[in-house]
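Chain residues, written in single-letter form:
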Amino acid sequence: MNAAVVERQLQLALDNMPGALVYTDEDLCIVFCNDRFRDMYKVPAELLRCGVPYADFLRYLADHGYYGAGNVDQIVAQRIDSLRNPTARSFEDHAPDGRWYRVMRRRVSGGGAVTVMTDITEQKLVESSLAEREAQLLVALDNMPGALAYTDEDLKLVFCNDRFKEMYIVPPELLQPGRPYPDFLRYLAENGYYGPGNVDEQVTRRVESLRNPSGKSFEDHTPDGRWYRILRRRVAGGGAVTVMTDITEQKQAERDLIEATRRTEEANKVITEKNRVLEALNAEIRDKNVQLQEQAAQIAEWNARLETRVTEQVTQIGQMSKLTRFLSPKVSDLIMAGDADDPLKTRRRDITVVFVDLRGFTGFTETAEPEEVMAVLREYHAELGKAIMAHDGTIEHFAGDGVMILFNDPVPVPDHELQAIHMAIAMRESVGALVRAWKKRGHALGFGVGIAGGYATIGTIGFEGRLDYGAIGAVTNLAARLCGEAQHDQILISPRIFSKVEDRVEVQSVGELQLKGFQRAVLAHNVIRIRTT
């Protein structure tokens, strides 16, 4: 294989990678950038040609407000220094259109640097949603009547609420998340909280209780005379939740009861004339007993509600952190309700794959203003999103004007081949209206669809910290190739799909197509309409 062929194959691979990439030489001039980079940064084409100083590209972005307000020379100088001395540590850019990018630069052996940009907007949205849910949970925990501390399996403090900080007056740094909980216990022991005795033994007993919670409550008597009932339980994800309830009033009621009983016994020894006093004391005992029972019942109810709420909230946060980064809200709700399989588990499934994109989009982006391109994409994606959600499709990924949609996973869809065609026809109608409107604005764009069916391997792809939900198999390649062959308003379906819907769909044969990656010609059909009878 000669060098030119290898170079073309390498460039094709780089142009189809999910992230943007630019390679600059040791003189900080552009050597190469892939198509994703050009899509991500809408700048004049001449700024991204080989040999152009990268500083010109950075200055264009700064002059056009990409990096926000500030001194343009300083902004460019900072970016140039990052390019000249790459640290291999990532940083984030917040684009004017609201997108978030993770940027990483590495020095290469031959001189110069490679910069990779990854779109992390969806991750940021998920993080924001999780932060909001966490804030709501913290508000609820801070307003509960008891104190609560959550420690992980390494005995480090994960969280304690405001009531806990009010109960235990210790240096604030001891209650910071990530601080070993034994440090807090040792401070209490060294300051006489547990009374006289060997400090190490006192701490050891408490640590053992934390490491192996029995689920049974015990009591603490503080130096200031307060009484706390403490209950520790192990949580499903590892670690333990400790709940402290102030039972000082209950203890006082118990002491009052004991005192009242003593006085009653003394009164029994008094002469008959003191019967009235004895009756009064008996009434007082009854009142104290009722009060004690009411307090005990209330405390038991608080503990039960607290345990249930903490368990539900911890479980829900764990589930949502996995689901919302991959699936639509509708599918996430089904899985949260237990009505679908775990989407993160790799499996083999018979699915229908739909690829859609715009005809003439690349030429359009080369001549149109970036704002006009973004306006077209927003209108286009809005119509696609309505159709996908209405027909129970799952978005596998977005790539500019191209979208891949799955049917029959992660939630089973009855008659998924026909359901996919219904969705494609709905898209053709709604996007067709957009195409006519775009044409009036001078944009020559069209819409094409490719649909294929078969078995694929489905699950999460990536590594810890960056996972995607995706499907792998020949069916995805076939759908993409059919989409590439489709003319404006055509919905090309594979032979397998045609065999499933032949009696219910009116089609037009387009003959056998020679598709890249497939040795045999593929007989394709264009969907005209759904049969009414």
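Only a predicted model underlies this, so the values are computations on that prediction, with no experimental measurement involved. (Residues numbered from 1 in each chain as written. Predicted model: local features only at pLDDT ≥ 70, side-chain atom pairs only at ≥ 80, totals over all residues. Heavy atoms only, no water.)

### Examining the overall build of the protein chain
Phase 1: Along the protein chain, the regular secondary structure elements total 16 helices and 18 strands.
Phase 2: For the protein chain, with 533 residues in total, the buried portion stands at 41%.
Phase 3: Long-range contacts, defined here as pairs at least 24 residues apart, represent 52% of the contacts in the protein chain between residues at least 6 apart.
Phase 4: Counting only carbon and sulfur atoms, one obtains 50% of the accessible surface of the protein chain, whose full area is about 29,100 Å². (Helix = DSSP H or I, 4+ residues; strand = E, 2+ residues; numbered from the N terminus. Buried < 20%, exposed > 50% of the residue type's maximum accessible area, 1.4 Å probe, protein only. Contact = heavy atoms within 4.5 Å. Areas by Shrake-Rupley, 256 points an atom, 1.4 Å probe, with all protein chains shown as cover.)

### With respect to the pairing of strand β10 (residues 240-246)
Phase 1: Across the seven residues that make up β10, a large majority, six, are buried.
Phase 2: Two elements, strand β6 (residues 147-151) and β10, share five bridges in a ladder whose sense is antiparallel. Counted as the bridge partner of alanine 147 is methionine 244 from β10.
Phase 3: Direction of pairing for strand β9 (residues 227-234) relative to β10: antiparallel, over a ladder of seven bridges. Opposite arginine 229, over in β10, you have threonine 245 as the bridge partner.
Phase 4: Taking the residues that link successive antiparallel strands as the turn, the β9-β10 hairpin has five residues, and the phi of glycine 238 there is positive, at about 100 degrees. (Pairing = 2+ DSSP bridges.)

### A word on the pattern of salt bridges
Phase 1: Within the structure shown, the criterion is met by 27 salt bridges.
Phase 2: Between aspartate 35 and arginine 38 there is a salt bridge whose closest N-O contact spans 3.2 Å. Residue aspartate 35 and its partner arginine 38 are both found in helix α2 (residues 35-40); the two are separated by three residues, about one turn of the helix.
Phase 3: With a relative accessible area of 35%, aspartate 35 lands in the partly exposed category.
Phase 4: Of the residues examined, arginine 38 reaches a relative accessible area of 35% and is grouped as partly exposed.
Phase 5: Here the salt bridges share partners, and the residues they tie into one network are Arg163, Glu166, Arg226 and Asp246. (Salt bridge = Lys/Arg side-chain N within 4 Å of Asp/Glu carboxyl O.)

### Some thoughts on the sheet that holds strand β8 (residues 218-221)
Phase 1: Judged by pairing direction, the sheet is antiparallel, and its five strands sit side by side in the order β7-β6-β10-β9-β8 without closing on themselves. Among the strands making up the open sheet, the edge pair consists of β7 (157-160) and β8. Direction aside, neighbouring strands of the sheet carry axes that sit 25 degrees apart on average.
Phase 2: Across the sheet, helix α9 (residues 248-269) touches β8, β9 and β10, and the angle it forms with β9 is around 125 degrees. (Axes fitted to C-alpha atoms, helices over the stretch in contact; angles between N-to-C directions.)

### Some details on the packing of aromatic side chains
Phase 1: Evaluated as defined, the whole model comprises 16 aromatic pairs.
Phase 2: When the ring of tyrosine 41 is compared with that of tyrosine 101, the centres are 6.2 Å apart and the planes differ by 55 degrees; the resulting orientation is tilted. On the criterion of sequence distance, the pair formed by tyrosine 41 in the loop between α2 and α3 (54-63) and tyrosine 101 in strand β4 (residues 100-107) is long-range, its members being 60 residues apart.
Phase 3: Classification of tyrosine 41 as buried rests on a relative accessible area of 4%.
Phase 4: A relative accessible area of 5% places tyrosine 101 in the buried class. (Phe/Tyr/Trp six-rings, centres within 6.5 Å; stacked < 30°, edge-to-face > 60°.)

### Things to note about the environment of glycine 446
Phase 1: Note on placement: glycine 446 falls in strand β14 (residues 446-463).
Phase 2: Assessed through its relative accessible area of 3%, glycine 446 is described here as buried.
Phase 3: Linking glycine 446 and leucine 358, residues 88 residues apart in sequence, is a C-alpha distance of 5.4 Å.
Phase 4: For glycine 446, the contacting residues outside a window of four places in its chain are Asp357, Leu358, Arg359, Val435 and His488.

### Describing the packing of helix α7 (residues 181-190) against helix α8 (residues 199-211)
Phase 1: It is the contact of α7 with α8, at a shortest axis distance of 9 Å, that shows an interaxial angle of 140 degrees. Crossing angle aside, the handedness with which α7 passes α8 is right-handed. Residues Tyr181, Pro182, Leu185, Arg186, Ala189 and Glu190 of α7 form the contact with α8, whose own contacting residues are Val199, Asp200, Gln202, Val203, Arg206, Val207 and Leu210. (Left-handed = near helix turned anticlockwise from the far one by under 90°.)

### Concerning the confidence of the model for the protein chain
Phase 1: Overall, the prediction assigns the protein chain a mean pLDDT of 85, with 85% of residues at 70 or greater.
Phase 2: The spread of mean pLDDT over the elements of the protein chain runs between helix α11 (residues 329-336), the lowest at 58, and strand β16 (residues 491-493), the highest at 98.
Phase 3: In the predicted structure, residues 319-326 sits below a pLDDT of 50 and forms 21 contacts with residues beyond four places in sequence or in another chain. (pLDDT = per-residue confidence, 0-100.)

### Observations concerning the environment of threonine 457
Phase 1: For threonine 457, the location among the structural elements is in strand β14.
Phase 2: When its relative accessible area of 33% is taken as the criterion, threonine 457 is described as partly exposed.
Phase 3: Those residues in contact with threonine 457 that lie beyond four places of it in its chain are Thr346, Arg347, Arg348, Gly470, Ala471 and Ile472.

### Quick notes on α3
Phase 1: Listing the buried residues of α3 in full gives Tyr54, Phe57, Leu58, Leu61 and Ala62. Buried residues of α3, seen end-on, are gathered within an arc of 135 degrees and therefore sit on one face of the element.
Phase 2: Immediately beyond the C-terminal end of α3, within one or two residues, lies glycine 65, with a positive phi of roughly 75 degrees. (Arc of directions from axis to C-beta.)

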